[in-house]
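The lines below spell out each chain.
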Amino acid sequence: MLSVSIGTVIWTTIAFLVVVFLLAKFAWKPILNSIREREESIEKALEDAEKAKEMMRELKENNEKLLQEARMERDELMKSARDAKDKMISEAKDKAKEEGDKMITNAKETIRAEKAAAMNELKNLVAELSLNIAEKIIREKLANEGKQKEIIENTLKEAKLN
Amino acid sequence: MVFYSFFIPYFCGRISKTIKLTEKRSANPTDFKTFRLVLAALFAVLFNLNSHSLHASGGEGSFNAGEMIMHHISDAHEIHIIGDVAIYLPVIIKTEEGWDVFSSSHFYHNEKHLDSASGGVHYYEHDNYLLFHEHIYLKEDGLVLNEAGEPVNQAVALDMSITKNVAGIFLTIILMLIIFMSIAKAYKTRGMVAPKGLQGFMEPLILFVRDEVARPSIGKGADRFVPFLLTIFFFIWISNLLGLIPFLGGLNITGTMSVTLVLATLVFIITTINGKKDYWVHILWPPNVPWPIKLILVPIEIAGLFIKPAVLMVRLTANITAGHIIILAFVALIFIFGEQSAGAGYGVGIGSTLFMIFMNFIELLVAFLQAYVFTLLAALYFGAAIEEAHH
């Protein structure tokens, strides 16, 4: 155990050097390379994930901003629409009132004209009627001689007085 | 849990064989017989007397715990599975006449005995060679021991045998190649998806070495060292785990100095050739330090260059071997008490088994921890070597 045997030393040296050489070339190199490649790929994947997360965050932020803008635009649009509506209503009201007033005025005018015309007609009718009455009465009165004389005399009297 | 409990029959198997041998000479053989029956009933494993396991006890009269433990944590020329079953490994030796290659079964099937002054020893013989305490000597006129019990026979020039630990290293390496090549394939074919299965089990460990060990310790330029650190981490960890698997000969790969020596030397070489100017300046002529102190500091720093990897080497060996020794000591305890009386052996056996299970869990943690510590310190040394001035 504690004594050194030359044979064992020689065999150990040969065997160990052979195994170091064979394993280094055919086992450790491919194994360590594969492990390194895998580590690099994992690292890259993690980095990519981080990047994607960042991008997502930015995208979300953008979306939020867009949404905010859209909301504001909508509010503005609604406000202007409401204003337009109010304006239109009040305008329509004013116009209607004006129109009504105009119509009323026209109607009043017409009524007055009609009234005046009716009055005139009525006056003429009354005059004609009066004349007819007067004619008839005169005819009646002048039908006997006495009466005619009386009237002439009366009228002459009156005329003298004038 | 089942996994760990396999340990016990394995170790007990080895030792009960030893006891079978010793009981022949024992004054009171009935006690041993009873005890063996208890063991057999307890573990339901049949053991046969295996001739070549005799050396575990050194052939002495009674159970020798120290020798048994040392035998188990030492290297061997076979992988002993259980009972008579063993995997015999190739013996490759160089002598003055040239290379010689044969199966270790030739040794283990040809056991010899030698009665010496300090008691009986056994050894194995094949052709012109002797195997004594797992060291190979030239046969000459047979084994001759000196007064200290060491052989006077000449050792072979070079023993390049595929021993138990070398076979364990090959097994570790084959496992590593299979596991990580298949994972690499999974990464290629499955592409950039979540890992699963073996890939899912190993990826956190690979990332642990890269992100918790290499990068914080080395700093800039760490990725260059990651393949080496990954290899050394998994090599130590898998070797440690193999040592915990029963029926695998009790491998003690990272608890062997020869192995940790190579690993620590590689760390030292990489540190040294990567050392930047600042690194050498700090060692050879530390700035902002009065010169009398430099005289003390510089030798310490230079010694530190070698002490650091030496510490790496000793720490790993000691930790792993200590774990094996503790578990084996609990096994030995059963037999020490069993020699006194069967009841004591039986009683201590239960306690020891529970402690062994506990220790195995600790060892499972230590297997990882020591791989981690070795890799972390290697990374820190690399970091110091390539550090740029910052003052």
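Provided above is the structure to which this section pertains.
Reading the values: rules and limits
- Residue numbers here run from 1 along each chain, matching the order of that chain's written sequence.
- Chain A is the first chain written and ligand 1 is the first ligand written, with later ones labelled in order.
- With pLDDT at 70 or above as the cut-off, local features in this predicted model cover only qualifying residues; side-chain atom pairs require 80 or more to be listed or tallied, and sums for whole chains, interfaces and linings still use all residues.
- Side-chain calculation: all heavy atoms of the structure are included, whereas hydrogens and water are not.
- By definition, any uninterrupted DSSP run of H or I lasting at least four residues is a helix, any uninterrupted run of E lasting at least two residues is a strand, and each is numbered from the N terminus.
- Every residue pair with non-hydrogen atoms within 4.5 Å of one another is taken to be in contact.
- Each accessible area is a Shrake-Rupley result for a 1.4 Å probe, and residues are judged covered by the shown protein chains and nothing else.
- We compute the radius of gyration from the C-alpha atoms alone; for a globule the expected value is 2.2 Å times N to the 0.38, where N is the number of residues.
- For the exposure calls, accessible area comes from a 1.4 Å probe over protein chains only, and a residue counts as buried if that area is under 20% of its type's maximum, exposed if over 50%, partly exposed in between.
- Residues scored as positive are Lys and Arg, those scored as negative are Asp and Glu, and His as well as the terminal groups of each chain are ignored.
- A charge is said to be at NZ when it belongs to Lys, at CZ for Arg, at CG for Asp and at CD for Glu.
- Buried Ala, Val, Leu, Ile, Met, Phe, Trp, Tyr and Cys residues that are joined via side-chain atoms within 4.5 Å together make up what is termed a nonpolar core.
- Summed over both partners, the accessible area (1.4 Å probe) lost when two parts come together is defined as the buried area.
- Counted as salt bridges are all cases of a side-chain nitrogen of Lys or Arg within 4 Å of a carboxyl oxygen of Asp or Glu.
- Two N or O atoms form a polar contact when they lie within 3.5 Å of each other; inside protein one atom must be a possible hydrogen donor and the other a possible acceptor, and for residues adjacent in sequence the pair counts only when both atoms belong to side chains.
- In this classification, the charged set is Asp, Glu, Lys and Arg, the nonpolar set is Ala, Val, Leu, Ile, Met, Phe, Trp, Tyr, Cys and Pro, and all remaining amino acids, among them Gly, are polar.
- In this analysis, strands are considered paired if DSSP registers two or more bridges between them.
- For helices, the fitted axis covers only the stretch in contact; all axes are lines through C-alpha atoms, and the angles between them, taken along N-to-C directions, range from 0 to 180 degrees.
- When describing relative orientation, an angle under 35 degrees is termed roughly parallel and one over 145 degrees roughly antiparallel, while 65 to 115 degrees is termed roughly perpendicular and anything else oblique.
- Helix crossings fall into two classes, left-handed where the near helix is turned counterclockwise from the far one by less than a right angle and right-handed where it is turned clockwise.

### What about the overall build of chain B?
What chain B contains, in helices and strands, is twelve helices and nine strands. In chain B, the share of contacts with a sequence separation of at least 24, taken over all contacts with a separation of at least 6, comes to 65%. Working note: accessible area of chain B is about 17,600 Å², and carbon and sulfur atoms make up 67% of it.

### Here's the deal with the overall build of chain A
Scanning chain A for helices and strands turns up two helices and zero strands. Relative to its length of 162 residues, chain A is extended, with a C-alpha radius of gyration of 65 Å against a globular reference of 15 Å. Overall, chain A is about 205 × 25 × 20 Å in size when its C-alpha atoms are taken along their principal axes. A buried classification covers 12% of the 162 residues belonging to chain A. Here chain A has roughly 13,900 Å² of accessible surface; of this, 61% comes from carbon and sulfur atoms. The average position of the 31 basic charges and that of the 32 acidic charges among the side chains of chain A differ by 3 Å.

### Regarding the nonpolar core
Residues Phe180, Ile206, Phe228, Leu229 and Phe234 of chain B are the most contacted members of the largest nonpolar core, which totals 65 residues. Take this core: its biggest share by element is twelve residues, from helix α8 (residues 226-244) of chain B. Every residue in contact with Phe228 of chain B, bar those within four places of it in the chain, is listed here: Phe16 and Val20 of chain A together with Leu266, Val267, Ile270 and Phe382 of chain B. Ile69, Leu328, Ala332 and Met356 of chain B belong to the second largest nonpolar core, which has 14 residues in total.

### Things to note about the interface of chain A and chain B
At the interface, 34 residues of chain A touch 50 residues of chain B. Between chain A and chain B, a total of about 3,500 Å² is buried, with carbon and sulfur atoms accounting for 80% of that surface. Linking chain A with chain B are two salt bridges. A salt bridge links Glu39 of chain A to Arg210 of chain B; its shortest N-O distance comes to 2.7 Å. For the pair chain A and chain B, the interface holds seven residue pairs in polar contact (both at pLDDT 80 or more). In the side of chain A that touches chain B, the residues fall into 22 nonpolar, eight polar and four charged.

### Remarks on the pattern of salt bridges
By the definition in use, this model includes twelve salt bridges over all chains. Of the charged contacts, one joins Asp48 of chain A and Lys44 of chain A as a salt bridge, the two residues approaching to 3.6 Å between their closest N and O atoms. Of this pair, Asp48 of chain A and Lys44 of chain A both sit in helix α1 (residues 6-141), four residues apart, which is roughly one turn of that helix. Accessibility expressed as a relative area gives 36% for Asp48 of chain A, which makes it partly exposed. Given a relative accessible area of 52%, Lys44 of chain A falls into the exposed group. Taken together, the salt bridges that share partners define one network made up of Glu39 of chain A together with Arg210, Asp211, Arg215 and Asp223 of chain B.

### Description of the side chain of Ser258 of chain B
One can find Ser258 of chain B in helix α9 (residues 257-274). The class of Ser258 of chain B is buried, set by a relative accessible area of 1%. Here Ser5 of chain A takes part through its backbone nitrogen, which lies 2.9 Å from a polar atom of the side chain of Ser258 of chain B. Dropping the residues within four chain positions of it, Ser258 of chain B is found in contact with Ser3, Val4, Ser5, Thr8 and Val9 of chain A.

### A few points about the environment of Asn64 of chain B
All names here are of chain B. With respect to the helices and strands, Asn64 occurs in the loop between α3 (29-43) and α4 (65-73). In this structure the C-alpha to C-alpha distance between Asn64 and Val85, which are 21 residues apart in sequence, comes to 24 Å. There is a polar contact of 3.2 Å between the side chain of Asn64 and the backbone nitrogen of Gly66.

### Details of unusual backbone geometry
Residues and elements named next belong to chain B. For His133, which is not glycine, the phi dihedral falls at a positive 50°. On the secondary structure map, His133 appears in the loop between β7 (129-132) and β8 (135-138). Since its relative accessible area comes to 52%, His133 is described here as exposed. At Asn288, a position not held by glycine, the phi torsion is positive, near 60°. On the secondary structure map, Asn288 appears in the loop between α10 (277-284) and α11 (291-340). Judged by relative accessible area, Asn288 falls into the exposed class, the value being 75%.

### A closer look at the sheet that holds strand β4 (residues 98-103) of chain B
Two modes of strand pairing occur in sheets, parallel and antiparallel, and in both the strands are linked by backbone hydrogen bonds. Residue and element names in this part refer to chain B. Taken in spatial order, the three strands of this open sheet run β4-β3-β9, and their pairing is antiparallel. The open sheet has two edge strands, β4 and β9 (158-159), and neither has a second partner. Two strands pair when backbone bridges link them, and strand β3 (residues 90-95) and β4 are joined in this way by six bridges, in the antiparallel orientation. Along β4, the bridge assignment pairs Ile93 with Asp100.

### So, the packing of helix α7 (residues 197-218) of chain B against α8 of chain B
Residue and element names in this part refer to chain B. Following both chains from N to C, one finds α7 and α8 inclined at 125°, their axes separated by 10 Å at the closest point. Compared by their axis directions, α7 and α8 come out oblique. Here α7 runs over α8; the crossing is right-handed. Along its contact with α7, which presents Phe201, Met202, Leu205, Ile206, Val209, Arg210, Ala214 and Ile218, the element α8 presents Val226, Leu229, Leu230, Phe233, Phe234 and Trp237. Here the contact of α7 with α8 is composed, by residue class, of 13 nonpolar, no polar and one charged.

### Regarding the packing of helix α6 (residues 164-190) of chain B against α7 of chain B
Residue and element names in this part refer to chain B. Axis separation between α6 and α7 bottoms out at 10 Å; the angle between their running directions is 105°. Looking at the two axes, α6 sits roughly perpendicular to α7. Within the contact between the two elements, α6 uses Ile179, Phe180, Ser182, Ile183, Ala186, Tyr187 and Arg190 and α7 uses Leu198, Gln199, Met202, Glu203 and Ile206. Here the contact of α6 with α7 is built from residues that sort into eight nonpolar, two polar and two charged.

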